[in-house]
Amino acid sequence: MGFSRRLVAVASGLLHNAAAARPASQQMYACSRLGSSAALRQLNEKNDKKSLVIFDKDGTLICFHSMWVPWTLETAKRIEEHSSLAISDKIFKLLGFCPHQQKVRPGLLAEGTMAQIRQSIVELLTDHGVEVINAHKIVSDAVLECKTHSKHTLKEIHDLQKLFGDLKRHGVKIAICTADSRIGTMGMLESLGLNTMVDRVVCGDDEGAMPKPHPRNALAICADLGISPEQTLMVGDTVADLGMARSANLGGSVAVLSGVGEHHDLHHLADHMVDHVGDLMPIVLGAAKIGSSSAPLNL
Ligand SMILES: [Mg+2]
């Protein structure tokens with residue numbers, strides 16, 4: 001089974017198990033989304049302010065495309081140079097990059113860790129006749145860290161100082177859970193002056209971290225901050241982000257349309273859908289009803 005299929009199988013299994021094990025509060029969310037009971041809706045709207053928000057990073061807080069498109073083009077070029085194989089199109093397909101639109105689509109690059117990306121390129125090279133030891137060397141030499149805190153590629157999706165300040169003023173804790181590396185993530189937070197406002201950061205290369213949608217990272221953040229999963233909201237732009245919210249039985253999820261996921265990719269997993277994180281505060285404070293949306297949400 002190829003990596004992508006394994007990822008899908010793991011995600012499907014986790015989501016199936018999570019759906020079966022969802023607590024009563026989340027089953028009530030589902031009821032209220034369907035509008036089946038006014039009493040349940042009123043119950044959900046009571047005390048629904050969240051105590052913790054876990055943010056995905058790329059595509060949710062900062063622009064995915066301005067950062068990862070240059071990295072993708074450079075990586076494909078370097079792999080071709082180091083392997084002497086005309087393999088760019090296959091690398092683009094593997095990563096989920098559309099060279100015609102110059103955009104990243106949902107897939108390995110948007111949802112996987114750098115370790116998963118490197119391993120998948122090794123497998124692609126061996127499928128094209130490169131010996132395993134040489135494939136590892138090519139990937140080691142050619143696949144470089146993305147300069148995620150470069151001023152040339154780092155673009156905020158919203159005024160994050162204001163958003164994080166608003167969350168702090170309301171006593172809401174802030175965490176970031178990303179597939180990106182710790183060095184890139186901390187550099188980005190420092191560049192944007194956010195590092196002292198974030199209570200917990202979990203990165204793709206942290207020891208013991210598990211790729212989304214596995215629930216481990218979300219549950220570890222909740223445990224470290226002493227906040228129950230039910231009081232926690234997950235915000236992200238991919239199926240993996242929203243899948244983690246479900247597999248960890250978090251209190252809710254918000255899909256943002258500012259990254260790689262589009263409405264039809266995300267709506268079936270999201271409790272709320274918004275254009276970007278600038279629309280988040282009413283949801284965090286419990287002032288927005290389940291299923292509310294600043295973007296079309298076909299329930
Ligand atoms: Mg993302």
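For clarity, every value in this text was computed on a predicted model and none was experimentally measured.

Note that soluble globular proteins tend to have their nonpolar side chains buried in a common cluster. In terms of nonpolar packing, the biggest core is built from 61 residues, with Val53, Phe55, Trp71, Ile79, Leu125, Phe164 and Leu167 touching the most fellow members. Examining the composition of this core, we find that seven residues originate from one element, helix α4 (residues 64-83), more than from any other. Two domains each provide a minimum of three residues to this core, namely domain 1 (25-63 + 155-284) and domain 2 (65-142). When sequence neighbours within four positions are dropped, the list of residues in contact with Leu125 reads Ile79, Ser83, Leu85, Ile87, Val130, Ala135, Ile138 and Val139. If you look at the next biggest cluster of nonpolar residues, it comprises 15 residues, including Leu52, Cys177, Ala218 and Met244.

Turning to the side chain of Ser258, a few remarks are in order. Mapping Ser258 onto the fold places it in the loop between β7 (252-256) and α13 (263-266). Here Gly59 takes part through its backbone oxygen, which lies 2.8 Å from a polar atom of the side chain of Ser258. Not counting chain neighbours up to four residues away, the residues in contact with Ser258 comprise Gly59, Thr60, Ile157, Asp275 and His276.

What follows concerns the coordination of the magnesium ion. A four-donor tetrahedral metal ideally has 109.5 degree angles, and a six-donor octahedral metal ideally has angles of 90 or 180 degrees. Looking at the metal site, the magnesium ion is ligated by Asp56 (OD), Asp58 (O) and Asp237 (OD), spaced 2.1 to 2.2 Å from it. Site description for the magnesium ion: donor spacing in sequence, D-x1-D-x178-D. Of this pair, Asp58 sits in the loop between β1 (52-55) and α4 while Asp237 sits in the loop between β6 (232-236) and α12 (239-247), placing them 179 residues apart in sequence. A residue is classified by how much of its surface remains accessible, and Asp58, at 8% relative accessible area, is buried.

Before going further, it helps to spend a moment on the confidence of the model for the protein. Overall, the prediction assigns the protein a mean pLDDT of 84, with 80% of residues at 70 or greater. With pLDDT under 50 throughout, residues 1-45 is counted as low confidence; its partners more than four residues away or in other chains account for 55 contacts.

For the rest of this paragraph, the subject is the environment of Ile176. Secondary-structure assignment places Ile176 in strand β4 (residues 173-177). Remark: the alpha-carbon pair of Ile176 and Leu61, spanning 115 residues in sequence, is separated by 9.6 Å.

Its 20 residues give α4 an end-to-end C-alpha distance of 28 Å, which sits within 8% of 28 Å, the value for a rise of 1.5 Å per residue. After α4 finishes, the residue Ser84 shows a positive phi value of roughly 60°.

Most of β4 is tucked away: four of the five residues are buried. Alignment of β1 against β4, held across four bridges, turns out to be parallel. Residue pairing in the sheet places Phe55 in a bridge with Ile176 of β4. Regarding topology, helix α10 (residues 182-191) serves as the crossover connection from β4 to the parallel strand β5 (residues 200-202), and that connection is right-handed.

Here is what the cut-offs are and how they apply
- Residues numbered from 1 in each chain as written.
- Predicted model: local features only at pLDDT ≥ 70, side-chain atom pairs only at ≥ 80, totals over all residues.
- Heavy atoms only, no water.
- Core = buried A, V, L, I, M, F, W, Y, C linked by side-chain atoms within 4.5 Å.
- Buried < 20%, exposed > 50% of the residue type's maximum accessible area, 1.4 Å probe, protein only.
- Helix = DSSP H or I, 4+ residues; strand = E, 2+ residues; numbered from the N terminus.
- Domains from an automatic or database assignment.
- Contact = heavy atoms within 4.5 Å.
- Polar contact = N/O pair within 3.5 Å; in protein donor to acceptor, adjacent residues only side chain to side chain.
- Donors = N, O, S within 2.8 Å, 3.2 Å for Na, K, Ca; no water.
- pLDDT = per-residue confidence, 0-100.
- Expected span 1.5 Å × (residues − 1).
- Pairing = 2+ DSSP bridges.
- Right-handed = clockwise from strand over helix to strand, strands pointing away.

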